[in-house]
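Inside the fold
The chain contents come next:
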Amino acid sequence: MFWGIAPSVKARLNTAIVLEIGLPVLADNKKNDNQEPMNIFLLALAMILVGGALPLLTYRWFMLTKCLSVGVTTIGCITGFYSIFSANADPASLAWSWPWLHVFTLAFTFDSLSFFFLLPIFLICPLAAIYSCFYFERAENSLRTAISYFFTNILIVSMALVTAAANMPTFALVWEIMSISSYFLVMYDYEKTTTRAAGYLYFLFAQAGALLIFASFGVIFSHSGSFDFAQAATIPESVKLMVFLLAFLGFGSKAGIFPLHIWLPHAHPAAPSHISAIMSGVMIKMGIYGILRFYFVLGATDIRLGQTVLVFGIISGLLGVLYALGKHNIKRLLAYHSVENIGIILMGAGLGMIGVAQGDAVMAGFGFAGCLLHVLNHSIFKSLLFLGAGAVIRRTGTSHVDQLGGLMKRMPVTGKTFLVGSVSISGLPPFNGFVSEFLVYFAAFQGLQYSQSTLLLTMIAIISLAVIGGLASFCFTKVVGIVFLGEPRTENARRATEGGWAMTVPMVLLAGACLVIGIFPASFIKLAFAGLADITLLGQVNTVLVATIGAHLALGSRLFLAIIFFVVLCRKLLYRGKEITEGPTWGCGFTRPTARIQYTGTSYARSVVDFFRPFVLIRETEVRLQKIFPKRTAYTSRVDDIAEAAMIYGVAFPLLAVLRKLRWIQHGNVQLYIGYIIVAILVLLLVLFI
Amino acid sequence: MKNINDMIMVVILLSVLLSLASSRLITLIKIMAVQGFLVSLLPLLLEHHSSMGSGGLIFFQVMILTKGILIPVLLYVALKRIAIQREIEPIIGYHASLFAGLIIILLSVFITDRLHLAVPSGQELILTTAITTMSAGFFLMMGRKKAITQVIGYLMLENGIFLIGTALIKHFHTVYMVEFGLLLDLLVGVMVMGIILHNINHAFDDIDTDLLNRLKD
């Protein structure tokens, strides 16, 4: 009976819905016959939205909520993946637009660049969602968990739409939805003062950045008279520089470019770990997407753009990794590594832009390809590291590296996958970080054939890439050494155990992805170049060269892997039959060793941090041994961010001092407030009439 | 017809003056009921509104019900609930207020002259009345201390805005968007003030808005 009626009802419902919201219109009518990819893509987004909205209804049943939301979201993301690949041959077929409020058109179009940025979204987000099953374990926070799921999925959808927005109002709308939904995600533990402060800081930076982006929109509109991105290339060359710089700073505050990165090290420790993974792995890449999109849309070939981006990239990369060395909170440290990697990504983009300005197709192609591939790689290994850090924090209850230790034996899967992530992020073979950084290196070496400023900048870029790589490996030897090796420093660390499959499976998958990209780099390099296929600004890069480099990288990585296996094998063989005794780590023959004789994170990193003293503010308080019967000694040190210090003492405090003098305006007298309104009206009337 | 309009406007002006001069809250509420009733009655009697459809008629009936009965009743209930015994302690005295009201009328005539708005013929006086009502509402809000008087001032201000809308509209229209928005605004305003009244009363045992000073940072 029911099934008999259903189709007609469904048909009527469909027409009703179509009448209500208006059928999405294909941007290009000629391609009307090929609506399928678009429908599948919209279906994927709808599923993700449903996956977010369902928990709000079912939050009373905690397990059901989690399974339902995660399941639907994962299927939605897989559908999204499918739609990308089914439309891959013809990205333009995946376009639609809605007239909105009779004033704007909400238009979405895709090209190869959007597709490339959709990859990390649909790859990382479902894994983070699965991981959240482990992370949200308290049933009494059920409603809050449901709300978190809701905003997570809104964030996913809005990020997917950011990559597709075809005009300024659309972009502004989805960009704001993205910023605001992520703000709510950061505020998960809103009872804590630090979380609220972090959320506020993030909100401030997100909105200030959005303001700059909108300002650049305004400048474009005032010259081109059109909201369409496609018309932006028609504005005068002299304006393009300003537009790009405005947009660069705006997107930079989202991406976490030094010195606009201040919110990152605060927001990430405050947010739940899988949210950090999404935000650091995927969301800040939307800032990079914006920068690239703006650059390509403007079609500006001024070399100063590339130089600016490259210099910001170098500074972000170097200082990011430096501050990471000085930090003891594991998530804050990872946040600084995001700044570092954004720096590397920007260096790739900057080199690409310089290549475009010089008319060098190889340099441009490899620069941008390195940038794109590092976006993908960073999203993989950074979310892996954040998930690992989250597991450690959840299981031990602390995020301070100096209170951990010996976790490799207690949480083997987390430890090993974290190690994989660490090697990847340090840019070492045979993992994926090496591949993308190599592409950036390759682009930089192309720049050496030019003279003057380009030569100088590319040389600095090469040196800083090397320094960044070295410091990153140093930093991760610190993290892995202190957190996972050695002996547990506290009772909590001693009692830590591995989480369930919901925690380990995403991490293992991500670690596997790191290795696959590292061992089979050729196809992924090709993928990165495919991401640039629709960009008309770039010349064609010799495919043979790309294939050769891919093959050589593959050979190198595999050789490296083979050597590792060989060494392990040799060790096994040589030690066979010998008696192996195991003592405590760092035992060193002491009769009563204690966990406190181990290196701490501070002491390990100190020598390097000291070297860069002008750029890092080290504050120490120390009580030394004095007299014959000394008091209890103590030592604390902290490393401060110069950008943060400058922002606090240079901007915030003077501003507060000025604003404090205006406090008398708020006197609390309602009658006088009404007086203010009247005065305002009178002034406006006077201005209008005189 | 025109005479009735003029009479209504005169009564509205008188009600404004009376509200400025009255010290008892209960009287104020009564005045507001009369004023609200007259203000929503006025558009029905205008000549060019004679072709109004049934939707418009219903709308203005709702308007009369809300402004003339619902809101005054709400205010009355609030007054009874908080049981204030004392009369208003004005910031500006009653005689001064009355005098200010007269000056406001003169000023609004002057402003109406200067504005040169394209008002349909026979409706120039509405604009004067409207500006007077608005300004008097503002004056009431500034010159009195009790929260309930603030609400009444706010109501008067909205009445004035409504009148301006009536005066400027040349032709009959089917969508009473602006008017309806105003009505909603008013209701919400009264509700919010009711809650605030209740809370101030609860917290301080009085409804002087001066006590709100303590709430600032």
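Just above sits the structure.
Residues numbered from 1 in each chain as written. Chains lettered and ligands numbered in written order. Predicted model: local features only at pLDDT ≥ 70, side-chain atom pairs only at ≥ 80, totals over all residues. Heavy atoms only, no water.

Details of the overall build of chain A
For chain A, the helix and strand inventory stands at 24 helices and four strands. For chain A, the proportion of its 690 residues judged to be buried stands at 53%. Pairs at least 24 residues apart make up 79% of the contacts formed inside chain A by residues separated by at least 6 positions. (Helix = DSSP H or I, 4+ residues; strand = E, 2+ residues; numbered from the N terminus. Buried < 20%, exposed > 50% of the residue type's maximum accessible area, 1.4 Å probe, protein only. Contact = heavy atoms within 4.5 Å.)

Observations concerning helix 5 (residues 142–162) of chain A
When the terminal C-alpha atoms of helix 5 of chain A are compared, their 30 Å separation across 21 residues agrees well with the 30 Å that a helix rising 1.5 Å per residue should span. Within helix 5 of chain A, 18 of the 21 residues are buried, leaving the element largely enclosed by the surrounding structure. (Expected span 1.5 Å × (residues − 1).)

Some points on helix 22 (residues 601–611) of chain A
Residues and elements named next belong to chain A. G601, T602, A605, V608 and V609 are the residues of helix 22 that are buried. One side of helix 22 carries all its buried residues, which in axial view fall inside an arc of 135 degrees. Those residues of helix 22 that are exposed and angled more than 90 degrees off the buried face are S607 and F611. (Arc of directions from axis to C-beta.)

Section: the packing of helix 16 (residues 432–446) of chain A against helix 21 (residues 543–575) of chain A
Residue and element names in this part refer to chain A. The contact between helix 16 and helix 21 brings their axes to 11 Å, and the two run at 135 degrees. With respect to helix 21, the element helix 16 is oriented oblique. Two packed elements cross with a definite hand, and for helix 16 against helix 21 that hand is right-handed. Residues F434, V435, F438, L439 and F442 of helix 16 touch helix 21, and the partners they reach there are L545, I549, L553 and S557. When its residues are assigned to classes, the contact of helix 16 with helix 21 shows eight nonpolar, one polar and no charged. (Axes fitted to C-alpha atoms, helices over the stretch in contact; angles between N-to-C directions. Parallel < 35°, antiparallel > 145°, perpendicular 65-115°, else oblique. Left-handed = near helix turned anticlockwise from the far one by under 90°. Nonpolar A, V, L, I, M, F, W, Y, C, P; charged D, E, K, R; others polar.)

Some thoughts on the environment of A595(A)
Residue and element names in this part refer to chain A. By secondary structure assignment, the location of A595 is in the loop between helix 21 and helix 22. When the C-alpha positions of A595 and T490 are compared, they lie 8.4 Å apart, and in sequence the two are 105 residues distant. Those residues in contact with A595 that sit more than four places away from it in its chain are E487, P488 and R489.

Observations regarding the packing of helix 19 (residues 501–519) of chain A against helix 21 of chain A
All names here are of chain A. Axis separation between helix 19 and helix 21 bottoms out at 8 Å; the angle between their running directions is 125 degrees. Comparing the axis directions of helix 19 and helix 21 gives the class oblique. Counting all contacts with helix 19, which are made through L515, G518 and I519, the residues of helix 21 involved are A554, S557, R558 and L561. When the residues that make up the contact of helix 19 with helix 21 are grouped by side-chain class, the tally is four nonpolar, two polar and one charged.

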